[in-house]
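# Structural overview
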Amino acid sequence: MKKEKSAMTKQSKEILVVEDSPVQAETLRRVLFENGYKVILAKNGAEGLETIRKKKPDLIISDILMPVMDGYQMCGKIKQSAELRNIPVLLLTQLVEPEEVIRGLESGADNYLTKPFNEVFLLSKVKTLLENPYRFKNRPDRKSIEFEYDGKRYEVHSGRSQTLSYLISTYQNAVLKTKEVESAREELRNINERLEEKVKERTAALISLNEDLSLEVAERKKAEETIRRMAYFDSLTSLPNKTHLYQYISNVLTENGSQKRPFALLMLDLNRFHEINEALGYHQGNDLLKIVGVRLQSLLNDIYMLARCNADVFAVMMPGVGSEYAVHLAREILKILDEPFDLSGLKLYVQASIGISLFPGHGNETDIIVRRAEMAMHRAKKESNAYSLFNEEFENGTSRRLAMAGDLRYAIENNELILYCQPKVDLKSGLICGAEALLRWQHAKHGMVSPIEFIPIAENTGLIKPLTYWVLDAAVRQCFAWQKENVEIPLAVNLSVRNLHDPLLIDKIKGMLITWGIKPSGLEVELTESAFTEDSAVYNTLTQIRNMGINIYIDDFGTGYSSLSYLQRLPINAIKVDKSFVFDMTKNEKSMNIINSTLGLARNMGLKVVAEGVEDKDIYNMLLDLGCNEAQGYYISKPMPIEQFQGWLEKSPWKIGRAV
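This is a predicted model, so every value here is computed, not measured.

Conventions adopted
- Residues numbered from 1 in each chain as written.
- Predicted model: local features only at pLDDT ≥ 70, side-chain atom pairs only at ≥ 80, totals over all residues.
- Heavy atoms only, no water.
- Helix = DSSP H or I, 4+ residues; strand = E, 2+ residues; numbered from the N terminus.
- Contact = heavy atoms within 4.5 Å.
- Core = buried A, V, L, I, M, F, W, Y, C linked by side-chain atoms within 4.5 Å.
- Buried < 20%, exposed > 50% of the residue type's maximum accessible area, 1.4 Å probe, protein only.
- Patch = residues over 30% accessible without salt bridge, like charges linked within 9 Å, V, L, I, M, F, W, Y side chains within 5 Å.
- Areas by Shrake-Rupley, 256 points an atom, 1.4 Å probe, with all protein chains shown as cover.
- Salt bridge = Lys/Arg side-chain N within 4 Å of Asp/Glu carboxyl O.
- Lys, Arg positive; Asp, Glu negative; His and termini not counted.
- Charge placed at Lys NZ, Arg CZ, Asp CG, Glu CD.
- Pairing = 2+ DSSP bridges.
- Axes fitted to C-alpha atoms, helices over the stretch in contact; angles between N-to-C directions.
- Polar contact = N/O pair within 3.5 Å; in protein donor to acceptor, adjacent residues only side chain to side chain.
- Expected span 1.5 Å × (residues − 1).
- pLDDT = per-residue confidence, 0-100.

Relative to the assigned elements, Ser 62 resides in strand S3 (residues 59–63). For Ser 62, the contacting residues outside a window of four places in its chain are Val 18, Gly 71, Met 74, Leu 90, Leu 91 and Leu 92.

Written out as structure tokens, the structure is:
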């Protein structure tokens, strides 16, 4: 019975909530309503004052900071009104500074509570204000209170009960805030302790990770150094190789600029070296090459670059030198080579032929200067001269090449070329995963002409562009034919550096793929390392090819510009290890180390590795154990005319499938 009476009493009490925040207003309304009070809402002081005059609520709960009219102003107007001054006013504020408490007292407010409010404190204050209304009457005989705070004097006219309530509220809020601060401090201490533990754990993990990374960096540096040595230095003599020589000449040409400082290039060939190899054996021949390199280096004394270009050919690059000194040095080289070589107790006498080309008189491009030095060297050898300076008459003997160039143009225009292919196998699954398109030329007079002969002719005469278009078109047509027979393997086409400078190449490839309805993944591109230069046009073309969805392979890896910066910067998918390393890997530890280093580097860079020249099962199994991705060579199949591929496939133990 008492509870019902209490509830009825509450329902008869009407409270006005003045709050501009809809969220805060709804929170107050819900708490008061759930505790049995009637609630009226107003959005600001002006609206609240109007509602108070109309409704005469039993209690006013008001926010302080509001638009139009704040809580202090509204409270002051209420307390100035004889009709309204006895309605208790409870102010809500986020501010607990003493100045705010004083302003509340000055306005005549009966109590205050800080936000966010404690629900128990709120209901306690509401109950006190409603159950003792006469306690808060603002009697006319009340006296003002004067006090000083922070160097200022204040006079407030609130009754003693209001002042006491304000002081108690201030104390209660201070106690509450103190507890909240202590709780926050305790939580902060706990967080700090947990954070310290986390820091210790993370520090230990970072130390471990740093150790792992240091080990990985050391291994990668070792692999990169191996690749760098392979790229720029001859593995037998440790001299700069042909790649290094080409780059050095190119750098000198670039640095010369408009100054045209001369330089000389000597190409030196050891006469009858092949006979020495056959008579004494491969290893003795290698020992001889090493000794020749040491003897030449002792003469040059690191003044000029000495390089080994191939089997028995050395080169000397001499910046700032003209023809007179070049001839003098050639004679000095011949003189020291006249002295016998002691090889396993045998005294060998070696003769050499030297060709000399000069910049700028014999050309202003690296390829031309090297080619003309080689031409002079071959002329010296042919005519049994010790040395020979290049002469333009040497190129008059190129009539066969010129005739072949005309015949090649006719063969391209009349579709007389033949497309061959050689399949590639995924080592892990043993399935055929692709094929390389190879070009052959059946000449009416000279028979089958090797690409080694006619590709350079095409590059030097500008025929490489129509020749490449012919191969691309033939390859895409073949992909279409395979697609109709449900043979879905990519076909790789070789491109040269000149192709990468062709502004029409990308549109040609796109047009062919669209015409025949071939997916870009059905076509692949292979480029020799010599195609990779610092030219931005090359990078842009390769990027466009890669963005089309066509995979890019570096062919003959290890024999050209194997610069690690190219591997990192260019948009390539895979590298093909040159067959010269694969042939030897079961017998030659150095070849094995080179392949192993290449595989490690490729894995770190996310590249696939294809091994060329896989001639037997032992090499195949060894590559499989090393983690090589794909294999290509006679063990799988010799190159075959492309139209014979499906017939070969029906009889072959190798089957087509998707590599895992």
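Membership of the largest hydrophobic core comes to 87 residues, with the highest contact counts inside it found for Leu 417, Leu 491, Ile 575, Val 582, Ile 595, Leu 623 and Phe 645. If you tally residues by element for this core, the top one is helix H15 (residues 464–484), at 11 residues. Once residues within four sequence positions are removed from consideration, Leu 623 is found in contact with Leu 427, Val 582, Met 585, Ile 595, Ala 611, Val 614 and Cys 628. Grouped together as the second largest cluster of nonpolar side chains are 35 residues, Phe 273, Leu 348, Ile 354 and Leu 358 included.

Turning our attention to a negative patch on the surface. Taken together, the side chains of Glu 193, Glu 196, Glu 197 and Glu 201 make up a negatively charged region of the molecular surface. Locating Glu 193 in the fold gives a position in helix H7 (residues 160–232).

Glancing now at the sheet that holds strand S10 (residues 313–319). Each strand in a sheet pairs with another by means of backbone hydrogen bonds, the pair being arranged parallel or else antiparallel. The mixed open sheet is built from five strands, whose spatial order is S9-S10-S8-S13-S14. Looking at the sheet topology across the chains shown, the edges are occupied by strand S9 (305–310) and strand S14 (387–389). Sheet twist, expressed as the average angle between the axes of neighbouring strands with direction ignored, equals 20°. This element, helix H12 (residues 366–382), spans strand S8 (263–270), S10, strand S13 (352–359) and S14 of the sheet and lies at about 145° to S13.

Taken in spatial order, the five strands make up an open sheet running S2-S1-S3-S4-S5, and their pairing is parallel. With one partner strand each, in any of the chains shown, strand S2 (38–42) and strand S5 (111–114) form the two edges of the open sheet. Pairs of neighbouring strands in the sheet enclose a mean axial angle of 20°, with direction left out of account. Pairing of strand S1 (residues 14–18) with S3 involves four bridges; the strand directions are parallel. Opposite Leu 16, over in S3, you have Ile 60 as the bridge partner.

With that out of the way, let us pick up the side chain of Thr 237. In this fold, Thr 237 is placed in the loop between H7 and helix H8 (242–256). Take Thr 237: its relative accessible area is 15%, and that puts it in the buried class. Side chain to side chain, Thr 237 and Asp 234 meet in a polar contact 2.7 Å long. Residues within four places of Thr 237 in sequence aside, it is in contact with Leu 289, Lys 290 and Arg 308.

Taking 1.5 Å per residue, 15 residues should reach 21 Å; H8 reaches 21 Å between its end C-alpha atoms and fits that length. Within the span of H8, buried status applies to Thr 243, His 244, Leu 245, Tyr 246, Ile 249, Val 252, Leu 253 and Asn 256. The N-capping residue of H8, defined by a side-chain oxygen 3.2 Å from the backbone nitrogen of Thr 243, is Asn 241.

Burial analysis of S9 places five of its six residues in the buried class, the great majority of the element. Where S9 hands over to S10, the hairpin turn is made up of two residues, counted between the paired strands.

A few words on the confidence of the model for the chain. Within the chain, residue pLDDT values average 84, and 87% of them lie at 70 or more. Confidence over residues 1–5 falls short of pLDDT 50; this stretch has zero contacts with residues more than four positions distant or in other chains.

According to the stated counting rule, one finds 22 salt bridges in the structure shown. Ionic pairing is found between Lys 56 and Glu 83, a salt bridge with its closest N-O pair at 2.9 Å. Placement of Lys 56 in the loop between helix H3 (45–55) and S3 and of Glu 83 in the loop between helix H4 (71–80) and strand S4 (89–93) is noted, with a sequence separation of 27 residues between them. On the basis of relative accessible area, Lys 56 is assigned to the partly exposed category, the value being 34%. Residue Lys 576 pairs with Glu 436 through a salt bridge whose shortest N-O separation is 3.1 Å. Taken together, the residues span a long stretch of sequence, with Lys 576 in strand S21 (residues 574–577) and Glu 436 in strand S16 (residues 431–443) at a distance of 140 residues. Each of Glu 436, Glu 526, Lys 576 and Glu 612 takes part in salt bridges that share partners, so that together they form one network.

What follows deals with unusual backbone geometry. Across the junction of Lys 115 and Pro 116, the peptide omega takes the value 0°, indicating a cis bond. When you line up the elements, Pro 116 lands in the loop between S5 and helix H6 (119–131). Cis geometry marks the peptide bond from Phe 359 to Pro 360; its omega dihedral reads 10°. Within the secondary structure, Pro 360 sits in the loop between S13 and H12. Within the chain, Ser 238 stands out as a residue other than glycine whose phi angle is a positive 65°. Examined against the element boundaries, Ser 238 turns out to sit in the loop between H7 and H8. The residue Arg 272 is not glycine, and still its phi comes out positive at about 55°.

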